[in-house]
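# Breakdown of the fold
One letter stands for each residue in the lines below.
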Amino acid sequence: MLANVIHSQLELHKEFGGVVPELAARDHLERLPHLLDLALDGARVQPADIGRIAVTRGPGLAGCLLVGVGVAEGLGAAWSRPVTGVNHLWGHIYAALLTRPELEPPLLGLVVSGAHSDLVRMPAHGRFEVIGRTRDDAAGEAFDKAARMLGLGYPGGPALDRLARSGDASRQPLPRPSLPGLEYSFSGLKTALLYRLRDMADRAGQQERADLAAAFEASVVESLLEKLAAALEKQPCPEVVVCGGVAANTLLRRRAREVVAGRARLTMPPLELCTDNAAMIAAASHFNPALAPTTVEPSLGWD
Ligand code: KG4
Ligand code: ZN
C-alpha cells in the first residue's frame, strides 16, 4: 500500500445528524481531484506507473458512486488505462488481505458496516456466498440510531463506543437478539432502548447513559459473534475475517479475538482500513484482475 488518502465528510454532515446524499455527492466532486494529487504525491508515482484504475460501483449512494465512476472514467480516458468496477463489500473483505498479505481464501467473513451485517463464505478470490444477513437494521445503523437516542451526535458508532467504555452493561441489561439460524435482527433491541429511556425520563444521567451504551453495545456484539461462532461450528474454516466500519468497535475487536481463538485464525484490518477507504477497493481489483468495466449499481448485493 503506497498511499491511502481519506477525506472525512463528518464536519459537513454533522449539523444534519446524518449523511445528506446531495451534499455528499457534491463534496466528492469538489474533493476528488485534490485527493488524487495527494495520493499520487504520497505514493511517489506518475500516471505512467499506473496499470489500472479501480472504482467502487456499489452498493452505496447513487450520487457519490456516479461522481467516482465519472472521475475514474475521465482518468482512464486521459491516461489510456482500463477502468474496473469493484463491489464495495468485496473491498471490505480485501482490506484484510492488505492487512495480512499471506491470507488466502477459503475464509469466513463477518462484514459489518452502516448498511450491512453479512456472514459470507469466500471459497476463492472473487467468489462470495452470503450465509447470514440482517432482517432489519444493519449493526452500524443500529449503533448510529442508539447513539442518537442517547443524545450523542453524529457519527454515532464511535461516540457510543467511547461512552460505553465508562459504562457497566450489567446495570442496565437489554435483550439479546436471538433469531434461529444465521439471521440477525437489531430492531427489537433498538425499541427496548427507546422504551427504557422513555421510562427513565430525566433519571437517565451520564452514568445511566453510559451503562445503557455498554449494554446496547454488548447485545449487538454478542449477537454478531454468536452467529459467527455458529457458522464456524457448522462448517469449519481456517481463516476468519471481521471487517467493515463496525469492526473498528473496541468491544467487538476484543471479543472477536476471544471467540475465534482456538477455532481459526482471525484477521481484523486496522481501524483506518475498517471504515470506508480507497485502498481496499484497489486491493479487490488487484486480486481480481478480470473485473469488467464499470457501471453504477447503487443497491448491488455481493454480485
Ligand atoms: O463501512 P463503513 O465505513 O461505511 C459503510 O459502508 O456503511 O461503516 C460505517 C459504520 C457507521 O454506522 C459507523 O457508526 C460504524 O460503522 N462505526 C462504528 C465504529 N466506528 C464506525 N460502530 C461502532 N463502534 C465504532 N468504533
Ligand atoms: Zn463500507
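Everything numeric here is computed off the predicted structure, so don't read it as measured data.

Here is what the cut-offs are and how they apply
Residues numbered from 1 in each chain as written. Chains lettered and ligands numbered in written order. Predicted model: local features only at pLDDT ≥ 70, side-chain atom pairs only at ≥ 80, totals over all residues. Heavy atoms only, no water. Near = heavy atom within 4 Å. Polar contact = N/O pair within 3.5 Å; in protein donor to acceptor, adjacent residues only side chain to side chain. Areas by Shrake-Rupley, 256 points an atom, 1.4 Å probe, with all protein chains shown as cover. Helix = DSSP H or I, 4+ residues; strand = E, 2+ residues; numbered from the N terminus. Phe/Tyr/Trp six-rings, centres within 6.5 Å; stacked < 30°, edge-to-face > 60°. Buried < 20%, exposed > 50% of the residue type's maximum accessible area, 1.4 Å probe, protein only. Disulfide = S-S within 2.5 Å. Pairing = 2+ DSSP bridges. Axes fitted to C-alpha atoms, helices over the stretch in contact; angles between N-to-C directions. Contact = heavy atoms within 4.5 Å. Right-handed = clockwise from strand over helix to strand, strands pointing away. Salt bridge = Lys/Arg side-chain N within 4 Å of Asp/Glu carboxyl O. Parallel < 35°, antiparallel > 145°, perpendicular 65-115°, else oblique. Left-handed = near helix turned anticlockwise from the far one by under 90°. Nonpolar A, V, L, I, M, F, W, Y, C, P; charged D, E, K, R; others polar.

Neighbouring ligand 1 are 17 residues, the closest being Gly114, Asp144, Asp161, Gly245 and Asp276. With respect to ligand 1, the backbone of glycine 140 contributes an N or O atom lying 3.2 Å from an oxygen atom. Note that a nitrogen atom of ligand 1 is positioned 2.9 Å from one of the side-chain N or O atoms of aspartate 161. Considering ligand 1 on its own, with 550 Å² of exposed area, one finds that the protein chains cover 85% of that surface. When contributions to the shell around ligand 1 are tallied by element, the ones reaching two or more residues are helix H4 (88-99), helix H5 (139-149) and helix H6 (156-164).

Turning next to the packing of aromatic side chains. Applying the stated criterion to the full structure yields five aromatic pairs. An angle of 45 degrees between the planes, with centres 5.0 Å apart, marks the rings of tryptophan 90 and phenylalanine 128 as tilted. Within this pair, whereas tryptophan 90 is found in helix H4, its partner phenylalanine 128 is found in strand E5 (residues 127-132), the two being separated by 38 residues in sequence. With a relative accessible area of 9%, tryptophan 90 lands in the buried category. With a relative accessible area of 18%, phenylalanine 128 lands in the buried category.

What follows covers the state of the cysteines. All told, the structure shown has zero disulfides when counted by the stated rule. Residue cysteine 237 stays outside any disulfide, its sulfur separated by 13 Å from that of cysteine 243, the closest cysteine. Residue cysteine 237 is classed as buried on the basis of its relative accessible area, which comes to 9%. The closest cysteine sulfur to the non-disulfide-bonded cysteine 274 is located on cysteine 243, 7.4 Å from its own sulfur.

Next up on the list: the sheet that holds strand E3 (residues 107-112). If you trace the five strands from one edge of the open sheet to the other, you get E5-E4-E3-E6-E7, paired in mixed fashion. Lying at the two open borders of the sheet, with one neighbouring strand each, are E5 and strand E7 (265-267). Going from strand to strand, the sheet's axes swing by 25 degrees on average, the running direction of each strand aside. Looking at chain direction, E3 and strand E6 (residues 239-243) are connected through four bridges and run parallel.

Here the focus is the side chain of threonine 134. With respect to the helices and strands, the residue threonine 134 is situated in the loop between E5 and H5. Overall, the relative accessible area of 15% leaves threonine 134 in the buried class. Within the local environment of threonine 134, its side chain forms a polar contact with the backbone oxygen of tyrosine 184, the two atoms lying 3.4 Å apart. Apart from the residues within four sequence positions on either side, threonine 134 is in contact with Ser117, Tyr184, Ser185 and Phe186.

Two strands pair when backbone bridges link them, and strand E1 (residues 53-58) and strand E2 (residues 83-87) are joined in this way by five bridges, in the parallel orientation. The partner of valine 55 across the bridge, within E2, is glycine 85. Regarding topology, helix H3 (residues 62-79) serves as the crossover connection from E1 to the parallel E2, and that connection is right-handed.

Here the focus is the pattern of salt bridges. A side chain with one charge may pair with a side chain of the opposite charge, provided their charged atoms come close. Following the criterion strictly, the structure yields 18 salt bridges and no others. Residues arginine 165 and aspartate 161 are paired through a salt bridge, measuring 2.6 Å at the closest nitrogen-oxygen approach. Its relative accessible area of 42% is what places arginine 165 among the partly exposed residues. For aspartate 161, a relative accessible area of 9% gives the class buried. In this structure, the salt-bridge partner of aspartate 211 is arginine 171, at a minimum N-O distance of 2.8 Å. Residue aspartate 211 is located in helix H8 (residues 206-234), and its partner arginine 171 is located in the loop between H6 and helix H7 (187-200); the two are separated by 40 residues in the primary sequence.

Another point: the packing of helix H2 (residues 21-43) against H3. Helix-helix packing: each pair is described by the crossing angle between the helix axes and the interaxial distance. Viewed as axis vectors pointing N to C, H2 and H3 meet at an angle of 40 degrees, and their least axial separation amounts to 9 Å. It follows that H2 is oblique to H3 by the angle criterion. Seen along the crossing, H2 lies across H3 with a hand that is right-handed. In this structure, H2 contributes Ala24, Ala25, His28, Leu29, Leu32, Leu36 and Leu40 to the contact, and H3 contributes Gly63, Cys64, Val67, Gly68, Val71, Leu75 and Trp79. Among the residues making up the contact of H2 with H3, the classes are represented as 11 nonpolar, three polar and no charged.

To continue, consider helix H11 (residues 279-287). All buried positions along H11 are accounted for by Ala279, Met280, Ile281, Ala283, Ala284 and Ser285. In the core, the buried residues of H11 are packed alongside E1, E2, H4 and helix H10 (271-274).

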